[in-house]
Structures are given as structure tokens and as C-alpha cells.
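Here's the letter readout for the chains.
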Amino acid sequence: MNNPTRRDPVYDPQELDPLLIALQYAGDVDGMTALFEPDAVIDRGDGRLLRGRDAIRSHYVEVVASGRSSPRENTLICGPDFPTVTSPARCPAAR
């Protein structure tokens, strides 16, 4: 990956984490949010679910502003396109 903040489509799931982190370091909240489907769900792991791009964008605005080192800190990203990230049993969107 020569330009980690490029806007080209990502087809290899192994490229998603590095791209998400590179976009965070660049402060590109819109780029981070664009990686998710409109109806995506993120389980924060603290009992809160982020449903949809608006909620996900708000979360990443906070992440970038806070300077946390990883946008996926304490989060579980799940859905039909992320079978290797978590098992369907742990994914609220799959229930």
C-alpha cells in the first residue's frame, strides 16, 4: 500500500485495519466513515452499539479529537463482510 489514505476501493480485508488507522492519523473522519456500509453496526464492547454511518462518524470524530492511538480500541466490527473479525454469535447485527 503506497498511499495509505488513498480513496481507491479496498478489496482485501487485510488492508482495512491499516487503512482505518492511516486515515485516523491523517484526521480524515469522512474517509474512516466511508469504509462502512450505511447500515453497519459497531459493538463498542461497553454495552453501546453504534448503528449506521452517522453514529459511526460521531464516534470517529471523538476518536480523532481524543488522540487515541487506535480507532478500533475496545470495538468489535461485525457484519456479513467481516466473518473473520468476530463470530456471528458475538455480532449483534447477526442476531
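Owing to the predicted nature of the structure, the values given are computational and were not obtained by experimental measurement. (Residues numbered from 1 in each chain as written. Predicted model: local features only at pLDDT ≥ 70, side-chain atom pairs only at ≥ 80, totals over all residues. Heavy atoms only, no water.)

(A) Examining the overall build of the chain more closely. Summing up its helical and strand segments, the chain has three helices and three strands in all. Listing the helices and strands of the chain from first to last along the sequence gives α-α-β-β-α-β. Expressed as a percentage of its 95 residues, the buried residues of the chain come to 33%. A sequence separation of at least 24 residues applies to 38% of the contacts in the chain between residues at least 6 apart. (Helix = DSSP H or I, 4+ residues; strand = E, 2+ residues; numbered from the N terminus. Buried < 20%, exposed > 50% of the residue type's maximum accessible area, 1.4 Å probe, protein only. Contact = heavy atoms within 4.5 Å.)

(B) Quick look at the environment of aspartate 28. Topologically, aspartate 28 is positioned in the loop between helix H1 (16–25) and helix H2 (29–34). Along the sequence, aspartate 28 and tyrosine 60 sit 32 residues apart, while their C-alpha atoms lie 9.3 Å from each other.

(C) Highlighting H1. All buried positions along H1 are accounted for by Leu16, Leu19, Leu20, Ala22, Leu23 and Gln24. The inward-facing, buried residues of H1 abut H2 and helix H3 (52–66). One or two positions beyond H1, positive phi appears at glycine 27, with a value near 75°.

(D) Representation of the pattern of salt bridges within the structure. Counting across every chain of the model gives three salt bridges. Among the salt bridges present, the one from aspartate 46 reaches arginine 48, with a minimum N-O distance of 3.2 Å. Residue arginine 48 is classed as partly exposed on the basis of its relative accessible area, which comes to 41%. Taken together, the shared-partner salt bridges connect Arg44, Asp46 and Arg48 into one network. (Salt bridge = Lys/Arg side-chain N within 4 Å of Asp/Glu carboxyl O.)

(E) Looking closely at the packing of aromatic side chains. For the structure on display, the rule yields one aromatic pair. Centre to centre, the rings of phenylalanine 36 and tyrosine 60 are 6.0 Å apart; their planes meet at 35°, and the pair counts as tilted. Taken together, the positions of phenylalanine 36 in the loop between H2 and strand S1 (41–43) and tyrosine 60 in helix H3 put the pair 24 residues apart, joining distant regions of the chain. Since its relative accessible area comes to 6%, phenylalanine 36 is described here as buried. Of the residues examined, tyrosine 60 reaches a relative accessible area of 0% and is grouped as buried. (Phe/Tyr/Trp six-rings, centres within 6.5 Å; stacked < 30°, edge-to-face > 60°.)

(F) View of the environment of alanine 26. Here alanine 26 shows up in the loop between H1 and H2. Placed 38 residues apart in sequence, alanine 26 and valine 64 show a C-alpha to C-alpha distance of 9.1 Å.

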